[in-house]
Amino acid sequence: MEYLHTMVRITDIDASLDFYCRKLGLQEVRRNESEQGRYTLIFLAAPGDVERARSDARSPMLELTYNWDPETYTGGRNFGHLAYRVDDIYATCQRLMDGGVTINRPPRDGHMAFVRSPDGISIEILQKGDALPKREPWASMPNTGSW
């Protein structure tokens, strides 16, 4: 068995690309539009996976699915979270906050944080390697909303 990609449904392409690419740091690898199927698929990869994703469709990617006809997603279409490992969790969270993203679960432990996309998808951010030493303002920052 091979992991291929994770698909999340989005309701606004521009808002989603602003979040996933400009704020979170993923890069668009390819895009497919289907007039007949009335959808757009946008495949994103983490910076360390971009070259592999461009040459190998089996590389780990995030597939954003935009259905042209509005739809409410419930029941079996629910989703848990995406997880990304980063070199510096504090710098990543600061960059996201500076971009207007709410840190729902701050990295108080120097290891894990959660944010949400414009469509409410929970994103887990994990520190690469060992947890960083606890640091303010993160160590005493409370949770905001749900994650």
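For the structure, check the block above.
Residues numbered from 1 in each chain as written. Predicted model: local features only at pLDDT ≥ 70, side-chain atom pairs only at ≥ 80, totals over all residues. Heavy atoms only, no water.

*Asks:* Whenever I open this one, the environment of Ala15 confuses me. Can you help?
*Replies:* By secondary structure assignment, the location of Ala15 is in helix H1 (residues 13-23). Looking at Ala15, the relative accessible area reads 26%, which means it is partly exposed. (Helix = DSSP H or I, 4+ residues; strand = E, 2+ residues; numbered from the N terminus. Buried < 20%, exposed > 50% of the residue type's maximum accessible area, 1.4 Å probe, protein only.)

*Asks:* Would you explain the packing of aromatic side chains in this entry?
*Replies:* Here the distance between the centres and the angle between the planes together describe a pair of aromatic rings. Counted under the stated rule, the structure contains 2 aromatic pairs. Geometrically, the ring pair formed by Phe19 and Tyr20 is edge-to-face, given 5.0 Å between the ring centres and 80° between the ring planes. For the pair Phe19 and Tyr20, a shared accessibility class is recorded, and that class is buried. The positively charged end of Arg30 is found above the aromatic ring belonging to Phe43, 4.2 Å away from the centroid. (Phe/Tyr/Trp six-rings, centres within 6.5 Å; stacked < 30°, edge-to-face > 60°. Lys NZ or Arg CZ within 6 Å of the ring centre and 35° of its normal.)

*Asks:* Help me understand the sheet that holds strand S6 (residues 103-105) in this model?
*Replies:* Backbone hydrogen bonds hold the strands of a sheet together, and the pairing may be parallel or antiparallel. Spatially, 4 strands are ordered S5-S8-S7-S6 in an open sheet, and the strand pairing comes out mixed. Because the sheet does not close on itself, it has two edges, and the strands there are strand S5 (81-86) and S6. Across the sheet, the mean angle from the axis of one strand to that of its neighbour is 35°, orientation sign disregarded. Relative to strand S8 (residues 122-127), strand S7 (residues 112-116) runs antiparallel, the two sharing 5 bridges. In the strand pairing of S8, Ala113 is matched with Ile125. With respect to the sheet, helix H3 (residues 89-98) is in contact with S5, S6, S7 and S8, its orientation differing from that of S8 by roughly 145°. (Pairing = 2+ DSSP bridges. Axes fitted to C-alpha atoms, helices over the stretch in contact; angles between N-to-C directions. Contact = heavy atoms within 4.5 Å.)

*Asks:* Where do I start with the nonpolar core in this structure?
*Replies:* The nonpolar side chains of a soluble globular protein tend to be buried with one another. Counting 30 residues, the largest nonpolar core has Tyr20, Leu44, Leu62, Leu64 and Ile123 as the members making the most contacts within it. Sorting the residues of this core by element identifies strand S1 (5-10), H1, strand S3 (39-45), strand S4 (61-67), S5, H3, S7 and S8 as the ones contributing at least two each. If you tally residues by element for this core, the top one is H1, at 5 residues. Apart from residues lying up to four places away in sequence, Leu62 is in contact with Thr6, Val8, Tyr20, Leu26, Ile42, Phe43, Leu44, Leu82 and Tyr84. Membership of the second largest hydrophobic core comes to 7 residues, among which are Val29, Leu41, Phe43 and Ala45. (Core = buried A, V, L, I, M, F, W, Y, C linked by side-chain atoms within 4.5 Å.)

*Asks:* Looking at this model, I keep getting lost on H1. Mind explaining?
*Replies:* Residues that lie three or four places apart on an α-helix share one face, since the helix turns once every 3.6 residues. Looking only at H1, the buried set comprises Ile13, Ser16, Leu17, Phe19, Tyr20, Cys21 and Lys23. Measuring from the backbone nitrogen of Asp14 back to the side-chain oxygen at the start of H1 gives 3.0 Å, which picks out Asp12 as the cap. Gly25 lies just past H1 and shows a positive phi near 100°. (Polar contact = N/O pair within 3.5 Å; in protein donor to acceptor, adjacent residues only side chain to side chain.)

Any functional reading would require information beyond the geometric quantities listed.
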